[in-house]
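Fold and geometry: a report
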Amino acid sequence: MPHADPKGVLTGVHFMDGDHAACEGAIAAGARFAAGYPITPSTEIVERFAARIPTVGGVFIQMEDELAASIAIAGAVWAGAKAFTVTSGPGFSLMMEHIGFAAMTETPCVFINVQRGGPSTGLPTLPAQADMMQARWGSHGDYEIIALCPNSPQECFDLAIRAFNLAEEFRVPVMFMMDEVVGHMTEKVVIPPAEQIQIYPRRHTRLPPGEYKPFEPGPDLVPDMVHAGEGYRFHVTGLTHDERGYPSMTVAAQDRLVKRLKAKITRAADRLACYETDGVEGADVVVVCYGITSRVALRAVHLARERGVKVGWLRLITVWPFPTKQLRALARQIKAFVVPELNLGQMVLEVERAAAGQAETISVPHAGGGVHDPEQILDAIMEVVR
Amino acid sequence: MPKGYVAINVERCKGCGFCVEFCPTHVLAMSSAFNSKGYHPPHVVNPDKCTGCDLCGMYCPDFAIYGWKAPESKNGAKRDAAR
Amino acid sequence: MNGGVGDPAELGPRPEAEIPPEACECAPENPVEQFLRTDRMPHIWCPGCGIGTTVNSFARALLEAKVDLDRVAVVSGIGCTGRVAGYVRLDSFHTTHGRAIPFATGLKLANPNLLVVVYSGDGDLFAIGGNHIIHAARRNLDIKVICVNNFVYGMTGGQVAPTTPVGATTTTTPYGCFEPAFNLPALMDAAGAVYVARWTSYHVRQLTRAMVDIFRKKGFCFIEVITPCPTLYQRKNRMGEGLDAMKYYKEKSKVRHGAPTSEVALTLDGDIIVGKFVDRERPEYMELMRSQLAAQLGDRYVEVEHLVCS
Ligand SMILES: Cc1ncc(C[n+]2csc(CCOP(=O)(O)OP(=O)(O)O)c2C)c(N)n1
Ligand code: SF4
Ligand code: SF4
Ligand code: SF4
């Protein structure tokens, strides 16, 4: 893989918050276009991009709303750029149609959602993790996305690069699911030299115009791309289409396309699975967590261990596709999963599905606006082993 | 000798009549025949009046007709010879 | 929309035009042909629908303006008019309902070398997409907007649109439309468009001319084209076929170049004021952005023409 363009990489040791780090990650990943609409607690990302990008060589535009922002990035991608948009709950809701459009048209792009309390305007300045299902299922129809969930400013940087790389590799919209605490927490962020940052290049076809079919998949089920202005005279539509990109309103065309859009991600699920564990081997209970909650949960895990409980910690980094197979294997070895999250029970449904009755699954919900008290998670752990 | 010609793609025609109505020299008329989709296409009734102005082509919403100007005399002579 | 046309692949070989035998040697191809995805013909538009007529002007204007066709990108929203993107043999994007303009915004900003043409319906551009079009005009983004106005929502079956004249019947105003309509040229003028014109599908030559004008002009340009929708608008309002609408346009159109846009509002059966209403100069968005950033950042400003990634 080629490495990052040094122009965009602020190599060095920094003290910055998650929002700023995510912005630097996007720039390091090669993003040269962002469109946004201000919304707390995500705005710092676009503010930083607006300040930084003219000195790197790129464009930021504040659009008139999130519908506009979320499709302006698709336009920029088809012109050749790497692009992303940034938002939080209410704006994320407005973007749903264009997540589906990006999935259907296989437009590689990144949607950053710094989650806040909902529903509706909810808690603008306070955290939640309640858009996790929306990220997966929010647009209509059957489709797949990839979602990543950082738990520190350092990871906001590192994973943002991974988000862009995965978007390019799979030609899929990638959801970057931060939360208010991770976004606003300031920590040390180490930005490596550009040559140590690997970049997945645009999958541009090598075929000449006459031979190229815009939606003909390669062996990995992902088609190669072209950009406007290159002489290919290609067509892109959100309608069900054939390999030429032409609308095709048949059951067969729908079956072929929608199944491929799903399979290109699900077939790679093992490779996409990404999580961090601590003390999972030989554990009776495993706490499954992600984002800011993973940090609180680690504290609860330590407290439980002090009380002699064999408890493991598993932090999801790739949240979608969900690592079903890996958790199912784990379920056979343990008594229970404990799933704390800043919502009333979202990813716990996936954990339960993966456990398939092999291990008990306990939800530790939190309505958002703050983080769990580690004692709440500890209580749930102790309850299971009692 | 006509100053222009008109070509009709009968199968594309949907019988709207724009070409017949707006041909400035009344070259065309709607035919009573049907195409395979059941529309009446136009046909040429006054070929000699065609100027090749292509207004029919500009009006046709189905890209089914167009006109062009006859080439200058040299080719014209050749064409007459071919007749 | 004309029903019953399925997968283009099922339609078999395309029929050829019947060329008079004596003219075979000198017969050129239909000039529109090279701009069409002929493997997708026939199109879905109804008999007598005016959308196809506007495409003829578009094709001829591209030829006349001598633009490099590889540089043209057509962006449509959703609707009968939105299907234009799928029929033209150019880089073309059929986006989501109402969002052609913001898609075009991203496309243009990432590659300013493109000639970006937004081709869409009045409902798409001014109802669901109304917010976007006024902002694109305000910014004076260098895109060319061709708005096909048939006074209703065609694709969904003839519902009321923001352009439906008071008194017209539509499927969602069964007792007559009482909502005042937008005067599109006035709206575009007020929002800052540098070129605003209105023609009808009867005015094929003038429309072609206007398109040539906007392909050559920098900034946000807008052309409204009044077209027949015989299947829905005409039928519901007992206005006859497409051809009757065309004759009506011929009879009722008054050319008034430079007319104040406040005076060009349309009514159910009144005159149709057509012409070029606005043609002015204002700095274009990218120019403004670049000069501002260069002034503020000096040497630190990195100007990149095309944001293409590796
Ligand atoms: C978000 C969304 N809402 C509604 C629709 C349904 N819809 C498709 S086209 C259309 C109206 C099109 O009207 P107009 O833009 O005037 O175009 P026309 O069909 O008349 O050319 C509507 C409401 C849609 N596709 N997407
Ligand atoms: S080319 Fe002109 S004169 Fe000839 S048929 Fe067409 S409209 Fe009539
Ligand atoms: S204008 Fe075209 S579609 Fe209409 S009648 Fe003439 S050839 Fe047929
Ligand atoms: S605009 Fe009206 S006439 Fe044209 S295709 Fe749509 S429904 Fe048919």
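Look a little higher up for the structure.
Here goes a summary of the coordinates provided.

1. Focus on the sheet that holds strand 15 (residues 336-341) of chain A
Residue and element names in this part refer to chain A. The strand order across the open sheet formed by 5 strands is 11-13-12-15-16, and the pairing between neighbours is mixed. Each edge of the open sheet is held by one strand with a lone partner, namely strand 11 (275-278) and strand 16 (360-365). The sheet shows a mean angle of 20° between the axes of neighbouring strands, direction not considered. Relative to strand 16, strand 15 runs parallel, the two being bridged by 6 bridges.

2. A short note on the packing of helix 1 (residues 51-64) of chain C against helix 7 (residues 204-216) of chain C
Residue and element names in this part refer to chain C. At a minimum axis distance of 8 Å, the contact between helix 1 and helix 7 shows a crossing angle of 50°. Judged on the interaxial angle alone, helix 7 and helix 1 are oblique. As for the relative orientation of helix 1 and helix 7, their crossing is right-handed in sense. Of helix 7, the residues touching helix 1 (which contributes T53, T54, S57, F58, R60, A61, L62 and E64) are V204, L207, T208, R209, M211, V212, F215 and R216. Tallied by class, residues from the contact of helix 1 with helix 7 come to 8 nonpolar, 4 polar and 4 charged.

3. Focus: the site of ligand 2
In the vicinity of ligand 2 lie 13 residues, with C23(B), C50(B), C53(B), D54(B) and C56(B) positioned nearest. Here the residues of the shell around ligand 2 sort into 8 nonpolar, 4 polar and 1 charged.

4. Here's the deal with the interface of chain C and chain A
In this complex, chain C contributes 48 residues to the contact, which on the side of chain A involves 49 residues. Each partner contributes to the roughly 4,000 Å² buried at the junction of chain C and chain A, and carbon and sulfur atoms together form 61% of this total. For the pair chain C and chain A, the number of links is 3 salt bridges. Linking chain C to chain A there are 23 residue pairs in polar contact (both at pLDDT 80 or more). Where the side of chain C that touches chain A is concerned, the elements lending two or more residues are helix 2 (84-87), strand 2 (91-94), helix 3 (100-110), helix 5 (130-139) and helix 10 (285-297) of chain C. The dominant element in the side of chain C that touches chain A, judged by the number of residues it contributes, is helix 3 of chain C, at 7 residues. Where strand 10 (residues 235-237) of chain A and strand 2 of chain C come together, 3 bridges link them in parallel fashion. The residue bridging V236(A) from the neighbouring strand is F93(C), located in strand 2 of chain C.

5. Regarding the nonpolar core
Generally speaking, nonpolar side chains in soluble globular proteins are found buried as a group. If you look at the biggest cluster of nonpolar residues, it comprises 105 residues, and the most contacted ones within it are F33(A), F337(A), F93(C), L107(C), I143(C), F220(C) and F222(C). For this core, the leading source of residues is helix 3 (residues 66-78) of chain A, giving 9 residues. Two domains each provide a minimum of three residues to this core, namely domain 1 (6-196) and domain 2 (276-385) of chain A. With residues up to four places along the chain from it excluded, the contact list for I143(C) reads I101(C), A104(C), K108(C), V116(C), V118(C), A136(C), G219(C), F220(C) and C221(C). Listed in part, the 65 residues of the second largest apolar core include F63(B), V84(C), V152(C) and Y233(C).

6. Looking at the interface of chain B and chain C
Listed per partner, the contact involves 34 residues of chain B and 47 residues of chain C. In this assembly, chain B and chain C are joined by 3 salt bridges. Residues E21(B) and K247(C) are paired through a salt bridge, measuring 3.8 Å at the closest nitrogen-oxygen approach. Along the contact surface separating chain B from chain C lie 14 residue pairs in polar contact (both at pLDDT 80 or more). Broken down by secondary-structure element, the contributors of at least two residues to the side of chain B that touches chain C are strand 1 (4-8), helix 1 (18-22), helix 2 (55-59), strand 4 (65-69) and helix 3 (73-82) of chain B. A breakdown of the residues in the side of chain B that touches chain C according to their chemical character gives 21 nonpolar, 3 polar and 10 charged.

The rules behind these values
- Residues numbered from 1 in each chain as written.
- Chains lettered and ligands numbered in written order.
- Predicted model: local features only at pLDDT ≥ 70, side-chain atom pairs only at ≥ 80, totals over all residues.
- Heavy atoms only, no water.
- Pairing = 2+ DSSP bridges.
- Helix = DSSP H or I, 4+ residues; strand = E, 2+ residues; numbered from the N terminus.
- Axes fitted to C-alpha atoms, helices over the stretch in contact; angles between N-to-C directions.
- Parallel < 35°, antiparallel > 145°, perpendicular 65-115°, else oblique.
- Left-handed = near helix turned anticlockwise from the far one by under 90°.
- Contact = heavy atoms within 4.5 Å.
- Nonpolar A, V, L, I, M, F, W, Y, C, P; charged D, E, K, R; others polar.
- Near = heavy atom within 4 Å.
- Buried area = accessible area lost by both parts, 1.4 Å probe.
- Salt bridge = Lys/Arg side-chain N within 4 Å of Asp/Glu carboxyl O.
- Polar contact = N/O pair within 3.5 Å; in protein donor to acceptor, adjacent residues only side chain to side chain.
- Core = buried A, V, L, I, M, F, W, Y, C linked by side-chain atoms within 4.5 Å.
- Buried < 20%, exposed > 50% of the residue type's maximum accessible area, 1.4 Å probe, protein only.
- Domains from an automatic or database assignment.

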